[in-house]
Amino acid sequence: MIKLENYITGKSITGDGDGQSLYNAVTGDLIATATTKGLDFKSILEYGRNVGNPALRKLTFYERGNMLKALALHLQEHLNKFYALSYKTGATKADSWVDIEGGIGNLFANASLRRKLPNETFCVDGDSHNLSKGYTFMGTHILVPKDGVAVRINAFNFPVWGMLEKIAVNLLSGVPAIVKPASVSCYLAQAVVKEIITSGILPEGSLQLICGSAGDLLEHVNSQDVVTFTGSASTGLMLKSNANILKENVPFNMEADSLNCIVLGNDVTPEMPEWEIFVKEIRKEMTLKAGQRCTGIRRIFVPENKIDDIQKALIKSLQQTIIGNPLNEKVKMGSLAGQSQRREVKEQVQKLLASSQMIYGSLDSVDVVDADANKGAFISPILLMNDKPFASTEVHEVEAFGPVSTIMPYKNMDDAIELSKKGKGSLCTSIVTASPSIAKQYVIHAATHHGRILVLNNECAKESTGHGSPLPLLIHGGPGRAGGGEEMGGLRGIKHYLQRTALQGSPTMLTAITNVYQPHAKGNTKTIHPFKKYFEDLNIGDQLISDKRIITSEDIDKFADLSGDHFYAHLKTTDFSGTMFTHQVAHGYFIMSIAAGLFALGYEKNPVQLNYGIDGLRFVKPVYPGAKIYIRFTCKEKLMHDKNLQQQADDLLNEDPGIDNGIVKWYVEILDSTDDPVVGLATILTMVAKKNG
Ligand code: NAP
């Protein structure tokens with residue numbers, strides 16, 4: 001019998017003893033055993049902190065992003081192996097796609113975030129603030145990787161996605177991970193980790209895996225570590241209240257079971273496309289992954305006068321679900337993850353039956369294709385009806401983690417909102433409506449209790465990612481019962497693994513530390529025109545102070561004619577009484593164009609390839625004819641830039657390799673010759689060639 005290896009402290013180690021038996025959920029055959037007995041959990045944490053953490057934190061965000069991309073590409077080459085194991089968890093091809101390729105997709109999505117982050121080991125967070133009259137003292141915030149390890153205790157339902165969506169984030173942040181997948185399906189997570197370790201793409205110590213019990217791991221975590229838990233509310237509560245976690249103030253993020261719901265808007269009638277959309281969405285959510293999704297729809301709220309018709313439509317739809325061996329391509333719903341999960345679902349349904357009645361499905365029998373309904377952990381979809389949702393508690397509290405959902409009537413939108421909140425916090429809720437006013441009422445009033453809201457109608461249904469799918473760029477998590485945690489969400493997610501520190505000092509000092517030019521810092525004017533410098537040679541703070549140009553009334557007239565912008569303030573014939581201006585005022589865009597004329601080099605070719613935008617353009621005060629305008633133009637920030645796909649392909653073929661370049665942001669201060677000189681501010685974005693590009 002295969003005893004699963006744990007990947008810890010730079011080695012693959014099997015634990016002592018026989019370990020927990022892991023079964024094929026479809027056939028009931030024994031697959032492997034898992035044990036962590038005899039492992040030294042303290043040293044696993046120390047290895048992550050002392051070996052993985054220094055190696056990751058010395059990489060820049062850009063390098064870590066590229067590492068994730070390489071990892072995603074590598075794992076894509078081994079899909080067959082992962083799918084073969086995934087079928088054994090009871091997952092169909094569609095379920096496995098969500099788990100495996102959805103997980104890899106998360107690696108790609110996080111890898112892409114590198115473009116929004118500096119080529120540094122740390123980053124600046126948010127705006128900086130001047131803190132003094134003389135502009136010599138300021139403040140900003142920086143984010144540095146935590147000095148510890150991300151401990152990932154995951155649920156059984158998505159062994160790959162659940163792991164990859166989490167480690168992508170901590171690896172991009174510069175923090176290593178220790179993953180403890182749920183035992184019942186850990187052989188799939190283990191196969192993926194084995195492939196990651198053999199690829200050699202991650203620095204040593206970045207990822208460790210324990211298959212089986214977490215032992216006394218949590219007794220040794222400290223405040224630089226982050227513990228995340230995904231699973232049942234009861235286990236979560238127990239772990240969250242661990243004395244060491246409380247004493248050490250260890251950040252703990254919890255994603256727990258939640259009683260997610262869907263609402264049918266009162267405007268929807270059987271003739272409308274939204275009717276079918278509602279029915280289909282419920283069937284999909286009940287049967288995908290056999291309902292073992294943390295985001296699964298457990299509660300269905302329908303206007304009371306439509307409940308009979310919806311009930312019939314849902315039953316008809318569920319009857320089409322072919323259940324059985326996921327290897328059979330006709331099968332739409334596989335099995336639960338194991339026998340104990342099936343027992344648990346049945347027990348939970350029994351609790352729900354105290355106040356609801358079963359209107360579709362059975363706890364005792366299920367028709368299956370190409371499988372033995374008893375050996376495999378199969379169960380039929382179960383639809384319940386509860387006609388007194390305000391009087392029942394079970395339906396808002398008991399989660400049956402399988403293809404189980406309950407229909408309930410509501411009278412008006414206020415009722416639907418209140419009922420949605422009776423779940424005391426969920427990961428997501430959906431409303432199906434064609435009415436913006438109904439949607440708005442629901443969204444604004446129900447949002448307090450749900451981490452994500454999907455508004456489904458005919459316009460978006462075809463391309464919608466669906467009620468149940470958390471997305472890498474949106475947050476996943478929910479208040480109250482859902483655990484009170486939050487993860488993913490693009491750049492928001494990585495901040496959970498970075499320490500945010502307020503930083504105060506002089507603008508020049510903070511520029512030197514952050515490598516981002518801070519307003520009022522000293523610039524370096526003793527240099528050639530910055531546009532003559534290649535990307536590598538440019539230094540933050542390289543600065544040009546231009547000649548002056550006098551703005552004339554004729555200039556403004558000409559710009560008005562050229563642009564067609566004859567707004568009254570730019571016309572000298574205007575009577576300015578009662579306006580904000582005293583005379584003909586220059587167009588802001590004219591002043592910006594003048595600024596470009598003052599910083600751009602004349603006719604010579606230079607390493608600046610193109611200007612592709614302006615951020616934060618502000619016109620601070622009016623410019624009247626006679627004003628003497630000049631600019632202070634400073635190299636503010638440098639970012640890495642990838643070649644596009646065509647350029648990469650050309651590189652491989654050794655044909656025209658294109659020009660390799662980086663992004664340079666320039667801080668432009670447009671000034672006049674008064675004591676309060678700033679008339680405009682902007683950040684110009686350019687692409688600058690690399691020397692050897
Ligand atoms: P679970 O029994 O609570 O287990 C979750 C994880 O905690 C497993 O890895 C489990 O390991 C581990 N664990 C249990 N006792 C532990 C201990 N004393 N110390 C350290 N780790 C411990 O939940 P599950 O049955 O795997 O998952 C199903 C539940 O998860 C459902 O209720 C579902 O709603 C919820 N879920 C939530 C989300 C979300 O994002 N909110 C996602 C998926 C699932 P073992 O397997 O080795 O016991």
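In case you missed it, the structure is sitting above this.
For every chain, the first residue of the written sequence is number 1, and numbering continues from 1 onward in sequence order. Side-chain atom pairs in this predicted model are given and counted only at pLDDT of 80 or more, local residue features only at pLDDT of at least 70, and totals for whole chains, interfaces and linings cover all residues. Note that water and hydrogens are dropped before the side-chain values are worked out from all heavy atoms of the structure.

A. Examining the overall build of the protein more closely. In this text, helices come from DSSP runs of H or I with a minimum length of four residues, and strands from runs of E with a minimum of two, each type numbered from the N-terminal end. Per the secondary structure count, the protein includes 19 helices and 28 strands. Per-residue burial over the protein gives 55% buried out of 693 residues. Note on areas: these come from Shrake-Rupley sampling with a 1.4 Å probe, and a residue is covered only by the protein chains present in the view. Of the accessible surface of the protein, which amounts to about 30100 Å², a share of 52% is contributed by carbon and sulfur atoms. The positive charge centre, built from 71 side chains, and the negative charge centre, built from 74, are 3 Å apart in the protein. When a residue's accessible area, from a 1.4 Å probe over protein chains only, is under 20% of the maximum for its type it is buried; when over 50% it is exposed; and in between it is partly exposed. Counting rule for charge: Lys and Arg are taken as positive, Asp and Glu as negative, and neither His nor the chain ends is counted. Charge positions are represented by NZ for Lys, CZ for Arg, CG for Asp and CD for Glu.

B. Focus on the nonpolar core. Among the nonpolar cores identified, the biggest contains 54 residues, and Leu-164, Ile-167 and Ile-196 are the most heavily contacted of them. Secondary structure elements with two or more residues in this core: β4 (30-34), α2 (61-76), α3 (79-88), α4 (93-112), α5 (161-173), β9 (177-180), α6 (186-199) and β10 (207-209). Counting residues per element, this core draws most heavily on α6, which supplies eight residues. The contact definition used throughout considers only heavy atoms, calling two residues in contact when any of these lie within 4.5 Å. Here Leu-164 is in contact with Leu-75, Gly-103, Ile-104, Leu-107, Val-192 and Ile-196, once residues within four sequence places are set aside. Residues belong to one nonpolar core when they are buried, are Ala, Val, Leu, Ile, Met, Phe, Trp, Tyr or Cys, and are joined through side-chain atoms within 4.5 Å. In terms of nonpolar packing, the next biggest core, distinct from the first, is built from 35 residues, Phe-535, Phe-559, Val-664 and Ala-682 among them.

C. Spotlight on the pairing of strand β16 (residues 382-385). Going residue by residue along β16, you find Ile-382 and Leu-384 tucked away on one face and Leu-383 and Met-385 tucked away on the opposite face as well. The rule for pairing is simple: two strands pair if DSSP sees at least two bridges between them. Judged from the four bridges that link them, β16 and strand β17 (residues 404-410) form a sheet pairing that is parallel. The residue bridging Leu-383 from the neighbouring strand is Ser-405, located in β17.

D. Representation of the packing of aromatic side chains in the model. Aromatic contacts are taken between Phe, Tyr and Trp rings whose centres are within 6.5 Å, Trp giving its six-membered ring; a plane angle under 30 degrees counts as stacked, one over 60 as edge-to-face, and the others as tilted. According to the stated counting rule, one finds twelve aromatic pairs in the structure shown. Consider the rings of Phe-158 and Trp-161, whose centres lie 6.2 Å apart with planes at 70°: the pair is edge-to-face. Both residues of the pair, Phe-158 and Trp-161, count as buried. Taking the centre distance of 4.3 Å and the plane angle of 10° together, the rings of Phe-599 and Phe-633 count as stacked. With Phe-599 in helix α18 (residues 588-599) and Phe-633 in strand β26 (residues 628-639), this residue pair connects regions lying 34 residues apart in the sequence. Among the residues examined, Phe-599 registers a relative accessible area of 5% and is labelled buried. Under the relative-accessibility criterion, Phe-633 is labelled buried at 0%. A positively charged side chain is recorded as over a ring if its NZ (Lys) or CZ (Arg) lies within 6 Å of the ring centre. The angle to the ring normal must also be within 35 degrees. We note Lys-548 situated over the ring of Tyr-630; from NZ or CZ to the ring centre the distance is 5.1 Å. Above the ring of Phe-535, the side-chain terminus of Lys-638 is found at 4.9 Å from the ring centroid.

E. Representation of the site of the ligand in the model. Nearness here has a simple test: a residue counts as near a molecule or strand if at least one of its heavy atoms is within 4 Å of that partner. Around the ligand sit 25 residues in total, of which Asn-154, Ser-183, Ser-232, Thr-235 and Glu-399 are the nearest. Here an oxygen atom of the ligand and a side-chain polar atom of His-476 are 3.1 Å apart. Contact with the protein chains removes 80% of the 910 Å² of surface that the ligand exposes when unbound. Within the residue set of the shell around the ligand, elements represented by two or more residues are β11 (226-231), α7 (233-240) and β12 (252-256). The domain limits used here are those given by an automatic or database domain assignment. Of the residues that make up the shell around the ligand, three or more belong to each of domain 1 (6-120 + 144-254) and domain 2 (260-482). Within 3.5 Å is the distance limit for a polar contact, defined as a pair of N or O atoms, with the added protein rule that one can donate a hydrogen and the other accept it, and that residues adjacent in sequence qualify only through two side-chain atoms.

F. A look at the pattern of salt bridges. Just to be clear on terms, a salt bridge is a Lys or Arg side-chain nitrogen sitting within 4 Å of an Asp or Glu carboxyl oxygen. If you walk through the whole model with that rule in mind, you get 21 salt bridges. Note that Asp-387 and Lys-388 form a salt bridge whose closest N and O atoms lie 4.0 Å from each other. The class for Lys-388 is exposed, based on a relative accessible area of 52%. A salt bridge links Asp-537 to Lys-691; its shortest N-O distance comes to 3.0 Å. Of this pair, Asp-537 sits in the loop between α16 (507-514) and β23 (543-545) while Lys-691 is found in the segment after β28 (678-689), placing the two residues 154 residues apart along the sequence. Judged by its relative accessible area of 31%, Asp-537 falls in the partly exposed class. Shared partners join several salt bridges into a network, and the residues in it are Asp-125, Lys-495 and Arg-500.

G. Fine view of unusual backbone geometry. Phi angles above zero are rare outside glycine, and Lys-424 is one such case at about 60°. For Lys-424, the location among the structural elements is in the loop between α13 (413-421) and β18 (426-432). Take Lys-424: its relative accessible area is 54%, and that puts it in the exposed class.

H. Inspection of the pairing of strand β27 (residues 661-671) at higher detail. In terms of residue burial, β27 counts as a mostly covered element, since eleven of its eleven residues are buried. Both faces of β27 are covered, namely the face carrying Asn-661, Ile-663, Lys-665, Tyr-667, Glu-669 and Leu-671 and the face carrying Gly-662, Val-664, Trp-666, Val-668 and Ile-670. Summarising the sheet, β26 and β27 pair through nine bridges and their orientation is antiparallel. Pairing of Glu-637 across the sheet is with Lys-665, part of β27. Across eleven bridges, the pairing between β27 and β28 is antiparallel. Along β28, the bridge assignment pairs Val-664 with Thr-686.

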